[in-house]
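Structural description and commentary
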Amino acid sequence: MGLFLRVLSLSILFLTAGCGLLDSNEEMKTVTKQPTSTVDPQDKSSIDFSKEISITAIGDVLIHDRVYEAAETSEGYNFMPMMEQTESYLESSTITIANQETMIGGEELGLSGYPAFNSPVEIGNNLKELGVDVVTLANNHTLDKGTRGINNAIEHWEKIDMKYTGAYQSKEASEEILVHDTKEGIRVAILSYTYGTNGVKAPDGKSYVVNRIELDKMAQDIEKAKEQSDAVLLSLHFGDQYEPYPNQFQKDVVQFAADRGVTAVIGHHPHVLQPLEWVEGKDGHKMLTAYSLGNFFSGQESFEKRVGGILTFNLKMDNSDDNVEVVKPRFKVTYVTSAREHGYEVIPMDDFPSLKEEYEAKKKHLAQWMPELEFME
Ligand SMILES: [Zn+2]
């Protein structure tokens, strides 16, 4: 009996150790078969014990009055017909992040467009339907409707079980790091900061309601995030509006992030696309940097502001040392047209034969510092 128990517990130990590397029974079966079929047990290089997930990010979701007016139906607002052509890119990723620039304070606070935005809650529901898992809320428009706008928005995000970061209802909530656990076993922290809030101040003693780009606080948060996760993504709302290249402030903050071991920066605010780049940190790791993803969905009307994009990359974790690296960055260029049935529609830009030349120029612009950037087409 004693021996039986010992054998049994040893087998359990063995099985448990195996489970650490694999995340489902199905995969376990496949691996146990491998030595007799395709994998030569002598050749360790052919066994890849790393795991991988994908991250997708989109830029500004900026709901002007002309956009929500076009989305109005007899039963509230419906933005789905305006965005659904991007669904296959957003829903297929392990984690999809959108920058929700306008607060969804809802009709109770009076809907409004530029300059002090307040959006219908349905845009939140529709982003969720499209496959968005996390919204970043630290933007220059976060305080457009004061803390009531933030509170209403957060209550709705919580109601529909959308994760959010960058704006908060309480100090305690602002001190918690958003960590997205994945079933693959890679934990991803997502932090969000803005350069400012259009001169609107947070109420006295409530600076926690929105995260600002303050290097001391960011350094502390990044440290905390690193302790609690395997990869840290930093959403930064910064830069000069309508400028095709990052300014010195963007470059400095990005270098600061790289030096502290951030995995990737997802930037926005200029409303136009800026080139992507690998930025090397002090420790030699290469941080993926998207300085500006442009507008994903807005009512801004000049050509450059209609162009945006969907950035996807993989996080690959090496099980031998838990190191995570960014691999396979790829991009889908999008274009918001107002010439179709639904008023404003986000469409893959390569679907417009008449914009072929402009599309090729955008690809060149985006990849000029990262020639290996792939385009999904
Ligand atoms: Zn902005």
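Residues numbered from 1 in each chain as written. Predicted model: local features only at pLDDT ≥ 70, side-chain atom pairs only at ≥ 80, totals over all residues.

Some thoughts on the sheet that holds strand 9 (residues 231–237)
If you trace the 6 strands from one edge of the open sheet to the other, you get 7-8-9-10-12-11, paired in mixed fashion. Edge positions in the sheet fall to strand 7 (178–181) and strand 11 (276–280), since each of these pairs with one other strand and no more. With strand direction ignored, the average angle separating the axes of adjacent strands in the sheet is 25°. By the bridge criterion, 5 bridges tie strand 9 to strand 10 (residues 264–268) in an arrangement that is parallel. Along strand 10, the bridge assignment pairs Leu-236 with Gly-267. Sheet strands in contact with helix 9 (residues 215–228) are strand 7, strand 8 (187–194) and strand 9, and its direction is about 170° off that of strand 8. (Pairing = 2+ DSSP bridges. Helix = DSSP H or I, 4+ residues; strand = E, 2+ residues; numbered from the N terminus. Axes fitted to C-alpha atoms, helices over the stretch in contact; angles between N-to-C directions. Contact = placed C-beta atoms within 7 Å.)

A look at the pairing of strand 14 (residues 307–318)
Of all the 12 residues making up strand 14, 9 are buried; the element is thus mostly covered by neighbouring parts of the structure. With 8 bridges connecting them, strand 1 (residues 51–62) and strand 14 associate as antiparallel partners. Looking at strand 14, one finds that Thr-56 is bridged to Thr-312. Two elements, strand 14 and strand 15 (residues 323–337), share 11 bridges in a ladder whose sense is antiparallel. Directly across from Gly-308, in strand 15, lies its bridge partner Thr-334. (Buried ≥ 20, exposed ≤ 12 C-beta atoms within 10 Å, placed from the backbone.)

Concerning the environment of Lys-183
On the secondary structure map, Lys-183 appears in the loop between strand 7 and strand 8. A C-alpha to C-alpha distance of 9.5 Å links Lys-183 and Ile-53, two positions 130 residues apart in sequence.

A few points about the nonpolar core
Judged by nonpolar contacts, the single largest core of 94 residues is most densely connected at Val-232, Leu-233, Val-262 and Val-265. Once residues lying within four places of it in the same chain are set aside, the contact partners of Val-265 are Leu-234, Leu-236, Val-254, Ala-257, Met-287, Thr-289 and Ala-290. (Core = buried A, V, L, I, M, F, W, Y, C linked by C-beta atoms within 7 Å.)

Considerations on unusual backbone geometry
What is expected of a backbone is that most residues other than glycine have negative phi and most peptide bonds are trans. Of the consecutive residues Tyr-114 and Pro-115, the connecting peptide bond is found in the cis state with omega at 5°. Residue placement: Pro-115 occurs in the loop between strand 4 (95–100) and helix 6 (122–130). The phi dihedral of Asp-161 is positive, around 60°, even though this residue is not glycine. Using a count of 8 C-beta atoms within 10 Å as the deciding quantity, one classes Asp-161 as exposed. Within the chain, Lys-328 stands out as a residue other than glycine whose phi angle is a positive 50°.

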